[in-house]
Amino acid sequence: MTEAYLRPDTLDEALAVLADGETRIAAGCTDLFAATARKILPGRTLDISRIPTLRGILHDDSGLTIGATTTWTDIATAELPPACRGLQLAAREVGGPQIQNRGTIAGNLCNASPAADGVPPLLTLDAQVVLRTKDGERSLPLDQFLTGPRRTAREAGEIVVAIRVPAEALEGAGHFLKLGARRHLVISIAMVAVRVSLVEGIVQQAAVAVGACGPVAVRLTQLEKALVGQPLDPHLVTDDLVAQALSPIDDVRADAPYRAHASAELVRRALAQVTA
Amino acid sequence: MTLSFTIRGERQEVETDPHRRLSEVLRDDLGLKSVKVGCDAGDCGACTVLIDGRQACACLVPAGQADGASIETLETWSGGAADRLRDAFLAEGAAQCGICTPGMMMAAAELLSASPDPTEDEVRTALSGVLCRCTGYASIVAAVLSASRPRPAETMPAPGQSVGAPVRRLDGRPKVDGTEMFGADVGPRDALVVRAVRSPHFHAAFTLGDTAAWAVEHPGVTVLTAADVPGVNRFGVIPHLADQPALADGIVRHLGEAVALVVGEASLVEALVLSTFPVTWEAHPYSLTEAEGAKDGAQLLHEGRPGNLLIEGRVSTGDAETALAASAHVADGTFRTSYVEHAYIEPEAGIAWLEGDTLIIAACTQAPVMDRDETAKVLGLPPDRVRIIPTATGGGFGAKLDLSVQPLIGLAALKTGKPCRMVWGRGESMLASTKRHPGTMTARIGADAEGRITAMRFDGAFNTGAYASWGPTVASRVPVHASGPYRTPNYRATARAIHTNGPTSGAFRGFGVPQAAIAQEVLYDDLALALGMDRLAFRRANAFVDGDRTTCGQTLPSVGLADCLDALAPHWEVALEAAEAHNRGGGVTRRGVGVASCWYGCGNTSLPNPSTVRIGITSAGRLCLHQGATDIGQGSNTVIAQIAADALGVPLDAIEIVGPDTALTPDCGKTSASRQTFVTGRAAQAAGEALRALILRQTNLPETASIRLSAGRLSVEDGGTRQDIDLAALTSDSHGYVLAAEETYDPPTTALDADGQGAPYAVYGFGAQLAEVEVDMALGTTRVLHIAAAHDLGRAINPTLARGQVEGGIAQGLGLALMEEFVPGRTENLHDYLIPTIGDMPRITPILIEKPDPEGPFGARGLGEHVLIPTAPAILNAIRHASGARITHVPALPHRVLAAIGKARHGT
Ligand SMILES: Cc1cc2nc3c(=O)[nH]c(=O)nc-3n(C[C@H](O)[C@H](O)[C@H](O)COP(=O)(O)OP(=O)(O)OC[C@H]3O[C@@H](n4cnc5c(N)ncnc54)[C@H](O)[C@@H]3O)c2cc1C
Ligand code: FES
Ligand code: FES
């Protein structure tokens, strides 16, 4: 028996489909299809790729709104403020061009891999995840949306419609560094994103996030506090300040102590390069 | 649901389930077979197509999501840019096996439409989502970069000048136009599909439950088990050690071993949930490393192999221990290498059907005749009732020497009477195929105060996995080669192949020699450092030269190693200076340079391995070369034809290639051991010369005469005298030829005695590589910047193909050194198991040294495996030169390098 494959043109239709029983949301399918060895995507499917209002980036006084199905290529090639530089660099590191052409920002967040490259830069942008049901809308800070490895706060019936970045978080400049055992198409051993705003050489805002070193990517708030109010100095980043925020594991890519050490080094480099 | 796509500018409708992968719909419903499936996970990019002009992995797109879109595949892509890129791929040798070519070209198509004259960086970025395991990417980058420029049509070499000419691959056109047929591409669409039920345990006893009842619950599905195997359910490449069941019988010895087959229509079988198949498992203790397997009390895998020891090889000469004790300098160390996966982009696939009472199997392979004999044995058929027609093979590198799908689809076809096909998924391929042997090697090498090598001890334990496969070859090759191509008067080397419940280790480019070279070449750097000698000069001083004797006591008549090292010398000086200059600048990265050599005997070790080649002329004037050497991308179809053309004295394009096909081509043995150019080449040369002699005899013209073929006529001319043979007037032989010759060549070798003394190979090839690397001292990451590779291949029959071998071998060597580590049960995919991408490959300077070998055809030696051997040790030595980190465990993953840097700094 063939299950329904629904590909509506409007968000309202999509929300109605979702309210109508167990349904899998399909965006770029780069995570969904990669997770199964089967020749078909199993189950009733809601394909949201044809809903125009879900794709694109809007920049206004209140901040930035990135539609859920905006692809990594869209993000990499968009004109965005320097604060989004980290997100744009991350966009070029998500898989290869084929993946970037189809993989979406919301898919990356909803899949909730500990190694999702989109998460650290969005954490440094204080991103909010906007969710809709047919009855209404709510917004969650990204760190509350991601509740664990492969777990999110999304409820059945909800579609992530957008990622919001508030205007305050668009200040300063961002950067992103990814470390893997090969150049392309690589699951991160660790990746870091930073965003720093300076006034007369003094750090006003500092946002630092590290991924692939724990169940979810995290902001390094202790470290951020140590940076604010000082001239920007990567040497303030000690291995300890970074390590205490992380809970890395050993896997086939690297061991835990290495991850902690490498993260600290990457944070120092990202801070050194962010304004350069 | 009805889906519609725009293809070649026209709307095409397909009635299908929109949840299906677009790759499947394009291949099966629309016949667009250029869309290759290498992983179904987005990892390999073989399925790359353009959707509305943008590159996408068709395996990740539900067909329903492409509804209404315009789709471009390699076979539908046309126009000037397409023609130029196809030409460029052929001219640069950018398609070797060709399985990645459609994906590469479609990725390039996206780029070229936006930027017709791209930069190298743009090319590398655009192609970064497609993996190639054959070429090392250099030729692909060159092809895309040059695609904007028209190039002149190829001119074929004049008669007698084919050997040495960089002609395009003769079988290349289908690879670049998308029509090449690989294992998964052949046969009727409605063939039955075979899937295997596989073990979830590393080691277990099992009993099958009520399979008949299960089959009843799944109408239309046939179940086959070991009980259905009509012949001897034991295969293996070395007959007296054959130990591998086609379907396990009561016990499984590795993860993923097949215990049953389910056969039926595609829609039924693909939907089956095989975890419901009735099997009761009783898990046994298991071992996964050579140390665990050899431990006292380890669970034994096979009867009659105490200590899990499959075999031990040994070579001994002089008195190594005494000489080491007397040496001025001794370097020693223990080295570990990991399981390495072949990771060809084409997973195993094929189709079997019956024609009369002959079972025909069309599948990817490196060894058609061995496939025939082993499959016949398992299926209880005489060999002449099995015919193997190799499909195009999308890479092999050794693992497609062993049987894969052949006995399984053969059994299914026999039992059902219908065509049956089997296409392994990536995970299945990685579970069931062989690997490179992991090794733990302990070695000591001594040198005198002047820097002459005095002695070497080497003991290697190699994890041979669950079944014998090519373990014995590794055990025999390693002790012969572990000295490296250097004079070593006192020597004792042993290699043990130890069974474990890891995947079966088999043949992989170099049969254990690349692993042994790591130990030997790192220790050579230790010695050079201790001696205060330049590392290249130290090697040059000890390198084999003409007339030297190997540790087996064999005299080498012709050695081009010194030429190779000398060719590297200028690069060495430049590289050392560049590294020093970089390092003077301080900074977190440090550069270093390393060098290593290789040698490798071509053909089987002390065992017969003949090739037979037939050349015939039909009454119509067609010239057919029966060429049984399977071309898995390395180029035999072209190289053997070049040799035959010159031996016979005809232009290359006069030759039509027949085969390989066990019904049409005499046995040319297997494509392994770097033997085809040498052994089949010699047979082709002999057949060409024999046919020429026959023709000259018939026309009574001297050796200087020229031969020309035209329709129905053969003209022989010498200095104004011309003789015509009216071919139509002659009678045909049983093969349909009016004039023909068939010749066999078997390399002259001798058996090795208990100390490994004798002449194991008739031809050796030599080489040396230099690597320049940059190590990040804070992250432990390594970037290889440049590799100069000098290889003595005797005679470059086809320089373009030879360079392709060098570049591709280096890519695999780089993977071995820096990233490839197969962990059983954890890395059975291409995102946890990493092979080099286009961005990981350095600039490569191939240097072809042509010091003729007296035995090889036109002086040629083998090359295919040699090229991989020096890469890893050269890189490791460069890492150490840069950073002080002495790496003894590959791959040199960043955390290992960083730990080794720490150790070097603190001396702990
Ligand atoms: C070869 C390869 C390489 C990759 N490399 C990287 C990498 O380097 N870094 C990285 O971070 N990721 C990588 N990925 C993962 C993946 O490409 C990204 O996570 C991508 O952003 C996922 O987006 P998608 O639209 O394809 O998600 P989909 O596969 O369509 O969906 C993923 C999940 O999110 C849900 N979902 C999607 N959209 C919504 C929505 N709007 N509302 C609610 N739920 C939704 C789906 O139901 C599903 O559970 C790689 C994947 C592949 C195949
Ligand atoms: S990426 Fe699609 S088959 Fe490998
Ligand atoms: S030519 Fe690229 S994989 Fe074989």
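Note that the structure is predicted; figures quoted are calculated from it, not measured.

Rules used in this analysis
- Residues numbered from 1 in each chain as written.
- Chains lettered and ligands numbered in written order.
- Predicted model: local features only at pLDDT ≥ 70, side-chain atom pairs only at ≥ 80, totals over all residues.
- Helix = DSSP H or I, 4+ residues; strand = E, 2+ residues; numbered from the N terminus.
- Rg over C-alpha atoms; globule rule 2.2 N^0.38 Å.
- Buried ≥ 20, exposed ≤ 12 C-beta atoms within 10 Å, placed from the backbone.
- Contact = placed C-beta atoms within 7 Å.
- Axes fitted to C-alpha atoms, helices over the stretch in contact; angles between N-to-C directions.
- Left-handed = near helix turned anticlockwise from the far one by under 90°.
- Expected span 1.5 Å × (residues − 1).
- Near = placed C-beta within 6 Å.
- Nonpolar A, V, L, I, M, F, W, Y, C, P; charged D, E, K, R; others polar.
- Parallel < 35°, antiparallel > 145°, perpendicular 65-115°, else oblique.
- Domains from an automatic or database assignment.
- Pairing = 2+ DSSP bridges.
- Core = buried A, V, L, I, M, F, W, Y, C linked by C-beta atoms within 7 Å.

Caption draft 1: How the structure looks around the overall build of chain A. Across its full length, chain A carries 10 helices and 14 strands. Its C-alpha radius of gyration of 19 Å places chain A within 12% of the 19 Å reference for a compact globule of 276 residues. Overall, chain A is about 60 × 45 × 30 Å in size when its C-alpha atoms are taken along their principal axes. For chain A, buried positions account for 57% of its 276 residues. Within chain A, counting contacts between residues at least 6 apart in sequence, those at least 24 apart form 63% of the total.

Caption draft 2: Highlighting the overall build of chain B. For chain B, the count of helices and strands is 22 helices and 33 strands. Relative to the 2.2 N^0.38 estimate, which gives 29 Å for 908 residues, the radius of gyration of chain B is 27 Å and therefore close to what a compact globule would have. Along the longest, intermediate and shortest principal axes, the C-alpha atoms of chain B span 80 × 75 × 60 Å. In chain B, buried positions account for 64% of the 908 residues. For chain B, restricting intrachain contacts to residue pairs at least 6 apart in sequence, the fraction spanning at least 24 positions comes to 78%.

Caption draft 3: Seen up close, the packing of helix α15 (residues 513–531) of chain B against helix α21 (residues 871–883) of chain B. Residues and elements named next belong to chain B. In the contact formed by α15 and α21, the axes pass within 8 Å of each other and the chain directions differ by 35°. Judged by the twist between their axes, the crossing of α15 over α21 is right-handed. Judged by residue contacts, Pro-514, Ala-517, Ile-518, Glu-521, Val-522 and Asp-525 of α15 engage Ala-872, Pro-873, Leu-876, Asn-877 and Arg-880 from α21.

Caption draft 4: Quick peek at helix α20 (residues 799–818) of chain B. The terminal C-alpha atoms of α20(B), which comprises 20 residues, lie 28 Å apart, in line with the 28 Å expected from a rise of 1.5 Å per residue. Across the 20 residues of α20(B), 18 count as buried, placing the element largely inside the fold.

Caption draft 5: Structural view of the site of ligand 1. The environment of ligand 1 is made up of 33 residues, and the closest members are A:Gly28, A:Gly95, A:Gly107, A:Cys110 and B:Gly42. Of the chains in the model, those with residues near ligand 1 are chains A and B. When the residues that make up the shell around ligand 1 are grouped by side-chain class, the tally is 17 nonpolar, 10 polar and 6 charged.

Caption draft 6: How the structure looks around the interface of chain A and chain B. Across the contact, 38 residues belong to chain A and 49 residues belong to chain B. Contributions of two or more residues to the side of chain A that touches chain B are made by β3 (45–47), α4 (97–102) and α10 (256–274) of chain A. Sorting elements by how many residues they give to the side of chain A that touches chain B places α4(A) first, with 5 residues. For the side of chain A that touches chain B, the residue count by class is 20 nonpolar, 9 polar and 9 charged.

Caption draft 7: Looking closely at the packing of α15(B) against helix α16 (residues 535–542) of chain B. Residues and elements named next belong to chain B. Where α15 meets α16, the axes come as close as 9 Å, and the angle between the chain directions of the two elements is 110°. Considered as vectors, α15 and α16 are oriented roughly perpendicular to each other. Packed against α15, whose contacting residues are Tyr-524, Asp-525, Leu-527, Ala-528 and Leu-531, the element α16 presents Arg-535, Phe-538 and Arg-539 at the interface. Among the residues making up the contact of α15 with α16, the classes are represented as 5 nonpolar, no polar and 3 charged.

Caption draft 8: Just the domain arrangement of chain A, in detail. What the domain assignment reports for chain A is domain 1 (1–48) and domain 2 (169–274). For domain 1 of chain A versus domain 2 of chain A, the separation of C-alpha centres amounts to 36 Å.

Caption draft 9: Seen up close, the sheet that holds β3(A). Residue and element names in this part refer to chain A. The sheet built from 3 strands is open, its strands ordered β1-β3-β2 with parallel pairing. The open sheet has two free edges, formed respectively by β1 (5–6) and β2 (24–26), since each of these has just one partner strand. By the bridge criterion, 2 bridges tie β1 to β3 in an arrangement that is parallel. Directly across from Leu-6, in β3, lies its bridge partner Leu-46.

Caption draft 10: Local environment of α21(B). If you check α21(B), its first and last C-alpha atoms are 18 Å apart, about what 13 residues at 1.5 Å a residue would give, namely 18 Å. Looking at the residues trailing α21(B), positive phi occurs at B:Gly884, about 85°.

Caption draft 11: Inspection of the environment of B:Lys377 at higher detail. All names here are of chain B. Among the secondary structure elements, Lys-377 is positioned in helix α11 (residues 368–379). Taking the number of C-beta atoms within 10 Å as the measure of exposure, Lys-377 has 22 and is therefore buried. C-alpha separation for the pair Lys-377 and Cys-47, spaced 330 residues apart in sequence, amounts to 37 Å. Residues within four places of Lys-377 in sequence aside, it is in contact with Gly-231, Val-232 and Phe-235.

Caption draft 12: Spotlight on the pairing of strand β2 (residues 10–15) of chain B. All names here are of chain B. Summarising burial for β2: 0 of the 6 residues are buried, a small minority. Here 6 bridges tie strand β1 (residues 2–7) to β2, and the two strands are oriented antiparallel to one another. Note on β2: the bridge partner recorded for Phe-5 is Gln-12.

Caption draft 13: Fine view of unusual backbone geometry. Here the amide bond leading from B:Gly659 into B:Pro660 is cis, since omega sits at 0°, within 30 degrees of zero. Among the structural elements, B:Pro660 can be located in the loop between β26 (655–658) and α19 (676–699). The amide bond that connects B:Val890 to the next residue, B:Pro891, takes the cis arrangement and shows omega of 5°. Secondary-structure assignment places B:Pro891 in the loop between α21 and α22 (894–906). In this structure, A:Cys29 is a non-glycine residue whose phi angle is positive, near 65°. Checked against the element boundaries, A:Cys29 lands in the loop between β2 and β3. Positive phi, normally seen in glycine, also occurs at A:Ala112, with a value near 55°. With respect to the helices, strands and loops of the structure, A:Ala112 is situated in the loop between α5 (105–111) and α6 (119–124). For A:Ala112, a count of 22 C-beta atoms within 10 Å corresponds to the buried category.

Caption draft 14: Molecular detail of the nonpolar core. Counting 406 residues, the largest nonpolar core has A:Val192, B:Ile409, B:Ala412, B:Ala644, B:Ile875 and B:Ile879 as the members making the most contacts within it. Top contributing element to this core by residue count: α15(B), with 10 residues. With near-sequence residues (within four places) excluded, B:Ile875 lies in contact with B:Gly594, B:Ala771, B:Val773, B:Val784, B:Leu814, B:Ala817 and B:Leu818.

Caption draft 15: Focus on the environment of A:Asp61. With respect to the element layout, A:Asp61 can be found in the loop between β4 (57–60) and β5 (63–67). Here the alpha-carbon distance between A:Asp61 and A:Arg92, two residues 31 residues apart in the chain, equals 27 Å.

Caption draft 16: Local environment of the domain arrangement of chain B. Considered domain by domain, chain B is made up of domain 1 (1–155), domain 2 (192–283 + 343–432), domain 3 (435–604 + 754–906) and domain 4 (611–745). The C-alpha centroid of domain 4 of chain B is placed 37 Å from the C-alpha centroid of domain 1 of chain B.

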